[in-house]
Amino acid sequence: MSSVPTDLFPHPIVQAPMAGGVAVPQLAAAVSEAGGLGFLAAGYKTADGMYQEIKQLRGLTARPFGVNLFLPQPETADPAAVDVYAHQLAGEASWYETELGDPDSGRDDGYETKLAVLLDNPVPVVSFHFGVPAREVLDSLRRVGTFTLVTATTAEEARAVERAGADAVIAQGVEAGGHQGTHRDVPEMTGSGLGVLSLVAQVREAVGIPVIAAGGIMRGGQIAAVLAAGAAAAQLGTAFLAAHESGANALHKQALTSPLYVRTELTRAFSGRPARALVNRFVREHGPYAPAAYPDVHHLTAPLRKAAAKAGDPQGLALWAGQGHRMARELPAGQLVEVLAAELAAARTTLSAGGAR
């Protein structure tokens, strides 16, 4: 099987399931209505919160859509390192006049309950991040008619995805904004990931299931490139972050193209896991000292991020963004899908003619 089912989405364009309130039902509906595949992010939500968003999305579109789940994380964090980081963040708590969060607020993100909801109320597509679900989970979703995707950041991880029985793999390059979907958080490997084109080529040779490319993709020409490398579709996150229907904070949207933010880097500052963000004060001051401790650090910094948003201070926000962030376009999501599809068609015409842009 070399491609995803074309009845799921006519255009090979997938909207990334950005957690934290970005991938709202309005965004997913607009993308799906335009012929892409819209996604809801169940991460950091309760099972009921996820279910309510699914109901809302179904009221907005009859087109297929997806829901993304975070895998439960093993207890590998060093409590002493988390305590040291908490002490370092004490000044932030004082500055924003808030308390630090409880790092022991839970590790499984309500995974089992969310799975039960998705089995009782099946959706067209479910994707997984931060690991590989058990084969019985993927088999049970298949039995209720759900197409399954799992993120991988190496060819080895992609083989594990295929062995588990997923229908397709998302090959996430190091350029991607937000959290890297590595199956294990290995600190010494941070920043050593492959670019999306190299990764797609390696994954395509390693597995027989369809490959969806992710990482820094902002234009139709880039979609054409990953398709030429062997992908069946492209997943775009930062490109949709600035869309009118995106639930991202206005400060976050503005920062994507602001001259104040000239680069991104992978940082553990906000969550304890490597995630690509615009470099702001918080990343500069705390990134070098943040421990490998997810979701402990995520819980710890949650009140700080909320307070920074309330204060209108982007220097304290997690400004997730891929390497192509300066190419962001503030358009309605449906129009952006149409523009990307037109750019893809033009790039394919150029390629088939043997020319060069």
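Treat the numbers as computed from the prediction; the structure is a model and nothing was measured.

### A closer look at the environment of V203
By the element assignment, V203 lies in helix α8 (residues 196-206). In contact with V203, not counting residues within four places along its chain, are T154, A155, A158, V169, A171 and V211.

### Description of the packing of aromatic side chains
Tallied over the full model, the rule gives six aromatic pairs. Centroid distance F270 to F282: 4.7 Å. Interplanar angle 15°. Geometry classified as stacked. Here F270 is found in the loop between β10 (264-267) and β11 (275-278), whereas its partner F282 is found in helix α12 (residues 281-286), with 12 residues between them in sequence. F270 sits in the buried class, given a relative accessible area of 1%. Between F270 and W320 the ring centres are 5.8 Å apart and the planes differ by 85°, which places this aromatic pair in the edge-to-face class. Placement of the pair is F270 in the loop between β10 and β11 and W320 in the loop between α13 (296-310) and α14 (333-352), with a sequence separation of 50 residues. Counting every residue linked through ring pairs, the aromatic cluster contains Y44, F70, F130 and Y294.

### Some words on α13
Given a rise of 1.5 Å per residue, 15 residues ought to cover 21 Å, and the 23 Å separating the end C-alpha atoms of α13 matches this to within 8%. Of all the bends in α13, the largest measures some 40° and sits at A302, one to four residues before the proline P303. For α13, the complete set of buried residues consists of D296, V297, H298, H299, L300, T301, L304, R305, A307 and A308. At its buried positions, α13 is contacted by α3 (79-88), α4 (90-95) and α12. G312 sits one or two residues past α13 and shows a positive phi near 70°.

### Description of the sheet that holds strand β9 (residues 233-236)
Taken in spatial order, the eight strands make up an open sheet running β1-β9-β8-β6-β5-β4-β3-β2, and their pairing is parallel. Looking at which strands have only one partner, the edges of the open sheet turn out to be β1 (13-15) and β2 (38-41). Across this sheet, the average inter-strand angle for adjacent strands is 25°, counted without regard to direction. Here strand β8 (residues 211-214) pairs with β9 via three bridges, running parallel. Among the inter-strand pairings, I212 is bridged to a residue of β9, identified as A233.

### Some points on the nonpolar core
A general feature of soluble globular proteins is that nonpolar side chains tend to end up buried together. Core analysis: the largest hydrophobic core is formed by 98 residues, its most contacted members being V67, L69, F128, V169, I223, L236 and F240. No other element matches the six residues that α14 contributes to this core. Leave out the neighbours within four places in its chain, and F128 touches N68, L69, L71, Y111, L115, P133, V137, L138, L141, L149, V150 and T151. Of all hydrophobic cores here, the second largest spans 14 residues; its members include L8, V14, L37 and F147.

### Description of the layout of surface pockets
Here the largest pocket defines a volume of roughly 960 Å³. Lining of the largest pocket is provided by 47 residues; of these, M18, A19, V22, G178 and W320 occupy positions nearest its centre. Counting only elements with at least two residues in the lining of the largest pocket, the list comes to β3 (65-70), β4 (125-129), β6 (168-172), β7 (178-179), β9, α10 (238-241) and α13. For the lining of the largest pocket, the leading source of residues is α13, giving four residues. Space inside the second largest pocket adds up to approximately 510 Å³. Along the wall of the second largest pocket there are 21 residues; nearest its centre are T153, T154, E157, T182 and M189. Ranked by residue count, the leading element in the lining of the second largest pocket is helix α7 (residues 155-164), at four residues. A per-class count over the lining of the second largest pocket returns seven nonpolar, nine polar and five charged.

Definitions and limits used
- Residues numbered from 1 in each chain as written.
- Predicted model: local features only at pLDDT ≥ 70, side-chain atom pairs only at ≥ 80, totals over all residues.
- Heavy atoms only, no water.
- Helix = DSSP H or I, 4+ residues; strand = E, 2+ residues; numbered from the N terminus.
- Contact = heavy atoms within 4.5 Å.
- Phe/Tyr/Trp six-rings, centres within 6.5 Å; stacked < 30°, edge-to-face > 60°.
- Buried < 20%, exposed > 50% of the residue type's maximum accessible area, 1.4 Å probe, protein only.
- Expected span 1.5 Å × (residues − 1).
- Bend = angle between axes of the 7 residues up to and from the residue.
- Pairing = 2+ DSSP bridges.
- Axes fitted to C-alpha atoms, helices over the stretch in contact; angles between N-to-C directions.
- Core = buried A, V, L, I, M, F, W, Y, C linked by side-chain atoms within 4.5 Å.
- 1 Å grid on protein atoms, 1.4 Å probe; cavity = no way out; pocket = protein on both sides within 12 Å on 5 of 7 lines; lining within 4 Å.
- Points joined across faces, edges and corners; volume = space filled by probe spheres on them.
- Nonpolar A, V, L, I, M, F, W, Y, C, P; charged D, E, K, R; others polar.

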